[in-house]
Amino acid sequence: VQLQASGGGSVQAGGSLTLSCAASGSIFSSNAMSWYRQAPGKQRELVAAITSGGSTNYADSVKGRFTISRDNAKNTVYLQMNSLKPEDTAVYYCRLGLGYPFDYWGQGTLVTVSS
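Quick summary incoming for the structure in this document. (Residues numbered from 1 in each chain as written. Predicted model: local features only at pLDDT ≥ 70, side-chain atom pairs only at ≥ 80, totals over all residues. Heavy atoms only, no water.)

**Describing the pairing of strand β4 (residues 33-38)**
For β4, the tally of buried residues reaches five of six residues, placing the bulk of the element in the interior. Direction of pairing for β4 relative to strand β5 (residues 45-50): antiparallel, over a ladder of five bridges. Bridge pairing in β5 links Ser34 to Ala49. Counted between consecutive antiparallel strands, the loop separating β4 from β5 contains six residues, among which Gly41 sits at a positive phi close to 80°. Two strands pair when backbone bridges link them, and β4 and strand β9 (residues 90-96) are joined in this way by six bridges, in the antiparallel orientation. Paired with Ser34 across the two strands is Arg95, which belongs to β9. (Buried < 20%, exposed > 50% of the residue type's maximum accessible area, 1.4 Å probe, protein only. Helix = DSSP H or I, 4+ residues; strand = E, 2+ residues; numbered from the N terminus. Pairing = 2+ DSSP bridges.)

Shown next, in the form of structure tokens:
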């Protein structure tokens with residue numbers, strides 16, 4: 001399985017970006033997908049997750065601003081990010097699985113939010 005994340009970039013505070021993560025292979029639809037981020041000097045943290053059935057959960061810091069979704073026909077998970085803040089600046093990673101039996105990570109995409 002390979003995960004290819006895209007959609008990062010630079011945006012001003014208050015702006016929006018949509019991240020995409022496309023997965024190869026045949027296990028996408030049966031596994032949870034999630035987005036993590038890691039800011040400089042900080043630990044990687046969970047941003048949002050979506051189960052194979054479509055249930056979602058979010059970090060408190062992004063609730064109401066970010067939306068995770070998935071398209072199983074395209075083997076792709078999305079992260080719609082609105083009302084971006086400078087503190088959202090980080091490298092964003094997608095993840096397939098919950099650690100067991102599958103745990104795959106994408107290469108990361110940089111999001112920079114300027115004030």
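Structure's up, so let's keep going.
**Remarks on the sheet that holds strand β3 (residues 17-23)**
The strand order across the open sheet formed by four strands is β1-β3-β8-β7, and the pairing between neighbours is antiparallel. With one partner strand each, in any of the chains shown, β1 (3-6) and β7 (66-71) form the two edges of the open sheet. Strand-to-strand, the axes of this sheet are offset by a mean angle of 15°, without reference to chain direction. Pairing between β3 and strand β8 (residues 76-81): six bridges, direction antiparallel. (Axes fitted to C-alpha atoms, helices over the stretch in contact; angles between N-to-C directions.)

**Overview of the side chain of Asn31**
Here Asn31 lies in the loop between β3 and β4. A distance of 2.7 Å separates the side chain of Asn31 from the backbone oxygen of Ile27, its partner in a polar contact. For Asn31, the residues in contact, after removing those within four places along its chain, are Ser52, Arg70, Leu96, Gly97 and Phe102. (Polar contact = N/O pair within 3.5 Å; in protein donor to acceptor, adjacent residues only side chain to side chain. Contact = heavy atoms within 4.5 Å.)

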